[in-house]
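Descriptive structure summary
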Amino acid sequence: MVGTKGRLLMRASLSDLPLVLDNVSLRAGATTILEHLDLTIASGMPTLVLGPNGAGKTSLLRLCMGLAEPSEGRVSWGGRTQSAHTRRAILFQKPVMLRRSAAGNVAYGLAQAGCPRRRRAARTEELLDRVGLLDLAARPARLLSGGEQQRVAFARALAREPEILVLDEPTASLDPAATRHVEDIIRMAAQAGTKIIMASHDLGQVRRLAGDVIFLVRGRLCEQASVQDFFDCPSTPEAAAFVRGDLVL
Ligand SMILES: Nc1ncnc2c1ncn2[C@@H]1O[C@H](COP(=O)(O)OP(=O)(O)O)[C@@H](O)[C@H]1O
Ligand SMILES: [Mg+2]
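What you are looking at is a predicted structure, and each value in this text was computed from that prediction instead of being measured.

Across its full length, the protein holds 9 helices and 9 strands. For the protein, whose C-alpha radius of gyration is 18 Å, the value lies close to the compact-globule estimate of 18 Å for 249 residues. Expressed as lengths along the three principal axes of its C-alpha atoms, the size of the protein is roughly 55 × 50 × 35 Å. Per-residue burial over the protein gives 48% buried out of 249 residues. For the protein, contacts bridging at least 24 residues in sequence account for 67% of all contacts bridging at least 6. Here the protein contributes 32 positively and 25 negatively charged side chains, and the mean placements of these two sets differ by 10 Å.

Spatially, the 6 strands line up as an open sheet ordered β5-β6-β7-β3-β8-β9, and their pairing is mixed. Each of the sheet's edge strands pairs with one partner strand only, and the pair in question is β5 (88-91) and β9 (220-226). On average, each strand axis in the sheet is inclined to that of its neighbour by 15°, with strand direction left out of account. Examined bridge by bridge, strand β8 (residues 212-217) and β9 share 6 bridges and lie antiparallel to one another. Paired with D212 across the strands is S226, a residue of β9. Each of β3 (47-50), β5, β6 (164-168), β7 (195-199) and β8 touches helix α2 (residues 57-65); the most contacted strand, β6, lies at about 160° to it. Across the sheet, helix α5 (residues 146-158) lies against β5 and β6, angled at about 170° from β5, the strand it touches most.

As a further point, take the pattern of salt bridges. When the charged atoms of two side chains with opposite charge come close together, those side chains can pair. Counted according to the given criterion, the structure contains 12 salt bridges. Note that R80 and D16 form a salt bridge whose closest N and O atoms lie 3.5 Å from each other. A residue pair is termed long-range when its members are at least 10 positions apart, and R80 in the loop between β4 (72-77) and β5 and D16 in the loop between α1 (4-13) and β1 (19-28) qualify at 64 residues. Looking at R80, the relative accessible area reads 23%, which means it is partly exposed. A relative accessible area of 2% places D16 in the buried class. Measuring nitrogen to oxygen at the nearest pair gives 2.9 Å for the salt bridge that ties R244 to D246. Residue classification places R244 among the exposed residues on the basis of a relative accessible area of 58%. Using a relative accessible area of 36% as the deciding quantity, one classes D246 as partly exposed.

Looking at the secondary structure, you find R119 in helix α4 (residues 117-130). On the basis of relative accessibility, which here comes to 42%, the residue R119 falls in the partly exposed class. Sequence-wise, R119 and A107 are 12 residues apart; in three dimensions their C-alpha atoms are separated by 9.9 Å.

With that out of the way, let us pick up the nonpolar core. In summary, soluble globular proteins display a tendency toward joint burial of nonpolar side chains. The biggest cluster of nonpolar side chains holds 51 residues, and the ones touching the most others in it are F154, L165 and F230. M65, I90, I197 and I214 belong to the second largest nonpolar core, which has 26 residues in total.

How each quantity is defined
- Residues numbered from 1 in each chain as written.
- Chains lettered and ligands numbered in written order.
- Predicted model: local features only at pLDDT ≥ 70, side-chain atom pairs only at ≥ 80, totals over all residues.
- Heavy atoms only, no water.
- Helix = DSSP H or I, 4+ residues; strand = E, 2+ residues; numbered from the N terminus.
- Rg over C-alpha atoms; globule rule 2.2 N^0.38 Å.
- Buried < 20%, exposed > 50% of the residue type's maximum accessible area, 1.4 Å probe, protein only.
- Contact = heavy atoms within 4.5 Å.
- Lys, Arg positive; Asp, Glu negative; His and termini not counted.
- Charge placed at Lys NZ, Arg CZ, Asp CG, Glu CD.
- Pairing = 2+ DSSP bridges.
- Axes fitted to C-alpha atoms, helices over the stretch in contact; angles between N-to-C directions.
- Salt bridge = Lys/Arg side-chain N within 4 Å of Asp/Glu carboxyl O.
- Core = buried A, V, L, I, M, F, W, Y, C linked by side-chain atoms within 4.5 Å.

No statement about biological role is implied by the geometric values presented.
Here is the structure:
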């Protein structure tokens, strides 16, 4: 039998990285959503997933989380095709808040992550502080602004101490000030060693955050490159057009 200590040791020794997609296709009925993707996502700076609406970004993130199964090919985490979700967390564009206080939402995340009850209050405070929301701990989460709710969602996700944090356009409906708060949290998490995989269609955001870029068009991988190469010498006409700010459909 594996006790708590054994589980912790196992957790510490197994990494979900690199995350590898090997000839992955995803279909829904007759529709091909993603086609023959070969990708390696390694530890380090954030990986930004770019592409026009409908390119398949959300679908790719769901595969990365293990929330969707490929129709063809293989997804693996640290060489394993089966990997528990415990070390990964995902945030969506619109955060889903429980009908509780901001602190209650974070405490729920901690409970889900297996944090012992006696440690939850202190950890909740720590996490709310990390996202700059300690003052609003007691406020009903659903009454917070969109940006504040997104920060609660980050605190809740960070409660799991994820090795991989998947973000699906987390700032798409936020104003610049709220976006800056969220980007600061992303930068902090990345610096603390969490691998960020994030969809965006904001080129400025990509310049500010990315280490490397995955560029999708109509379900196909157009480019995977360092952020510098992506902007300085895009290797496909679609990527070049996207970088210029032209409409890519
Ligand atoms: N379950 C599904 N069934 C059918 N089509 C889907 C399904 N999920 C996504 N799609 C289609 O796949 C394409 C890619 O969707 P999505 O991954 O959400 O792209 P993005 O996030 O880049 O906008 C879209 O054309 C979408 O309509
Ligand atoms: Mg999407």
